[in-house]
Amino acid sequence: PNAPILSATGAPASKRQRTEKGRGAAGDAKTDNETNSTSSDAGGDSDNPDEREENRKERNRRHARETRLRKKNYMHSLQQQLEAMTQERNALEKEINDKMNAETGQHSCWVKSLRSALALRAAGCSDVDQWRKFVDEEIVLVHPITPYRSYRTGDVVSNRCVLMGIPDIV
């Protein structure tokens, strides 16, 4: 039981051969010759240096091929992620631009109406129909109190002049 295990060639068996031989005793039908041929085919120890070199080169080629394939798959997945993120960014940019355009349009319309209403007020126009062209009936105009102007006491709220509706503004 303590005697060294020898391979079919008479040399001391490697750890792999001893493990396989132990399995063979447990019911595996491999013989010593089958174990040696299997281990040399799989790139195991061989007595022939040329065969070992060829096995090493074959392992390196296989590893290089598998590495290139992994890299190709990784690059493909990165490209798909890039395309998805680019589409998402473009959609978000479009949404932002649409909102900004809508707000800009509303803002410019509001500014135009306000300028027209202030021009009517500065001109002292009292025609309610002219005012209705530019402002809503329930408009509220809030402006600061100035020392060079007089205000009705009912219009002054918290140090500001608050005018409600077209009749107050006119």
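Rules used in this analysis
Residues numbered from 1 in each chain as written. Predicted model: local features only at pLDDT ≥ 70, side-chain atom pairs only at ≥ 80, totals over all residues. Heavy atoms only, no water. Pairing = 2+ DSSP bridges. Helix = DSSP H or I, 4+ residues; strand = E, 2+ residues; numbered from the N terminus. pLDDT = per-residue confidence, 0-100. Buried < 20%, exposed > 50% of the residue type's maximum accessible area, 1.4 Å probe, protein only. Contact = heavy atoms within 4.5 Å. Core = buried A, V, L, I, M, F, W, Y, C linked by side-chain atoms within 4.5 Å. Patch = residues over 30% accessible without salt bridge, like charges linked within 9 Å, V, L, I, M, F, W, Y side chains within 5 Å. Areas by Shrake-Rupley, 256 points an atom, 1.4 Å probe, with all protein chains shown as cover. Salt bridge = Lys/Arg side-chain N within 4 Å of Asp/Glu carboxyl O. Lys, Arg positive; Asp, Glu negative; His and termini not counted. Charge placed at Lys NZ, Arg CZ, Asp CG, Glu CD.

Moving on: the pairing of strand β3 (residues 160-164). The sheet contact formed by strand β1 (residues 140-144) and β3 spans five bridges and is antiparallel. For L141, the partnering residue across the bridge sits in β3 and is L163. Strand direction decides the pairing type here: strand β2 (residues 156-157) and β3, joined by two bridges, are antiparallel. Bridge pairing links V156 to C161 in β3. In this antiparallel pair of consecutive strands, β2 and β3, the connection spans two residues, and S158 shows a positive phi of 50°.

Below, the discussion takes up the confidence of the model for the chain. On average, residues of the chain carry a pLDDT of 77, and 73% of them reach 70 or more. Across the chain, the secondary-structure element scoring lowest on mean pLDDT is helix α2 (residues 32-41), at 46, and the one scoring highest is helix α3 (residues 49-123), at 91.

Structurally, the position occupied by H143 is in strand β1. What makes H143 buried here is its relative accessible area of 15%. In contact with H143, other than residues within four places in its own chain, are R121, Y151, R160, C161 and L163.

Let us look at the nonpolar core. Counting residues in hydrophobic clusters, the biggest one holds 10 residues: A117, L120, C125, W131, V135, L141, C161, L163, I166 and I169. If near-sequence neighbours (up to four positions away) are discounted, I169 is found in contact with R121, W131, I139, L141 and L163.

Here we take up the sheet that holds β2. A sheet is described by the order of its strands in space; here three strands give the open sequence β1-β3-β2, paired in antiparallel fashion. Of all strands in the sheet, those bounded by a partner on one side alone are β1 and β2.

Before going further, it helps to examine a positive patch on the surface. Among the surface-exposed residues, R59, R62, R65 and R68 lie close enough to one another that they form a single positively charged patch. The residue R59 is located in helix α3 in this model.

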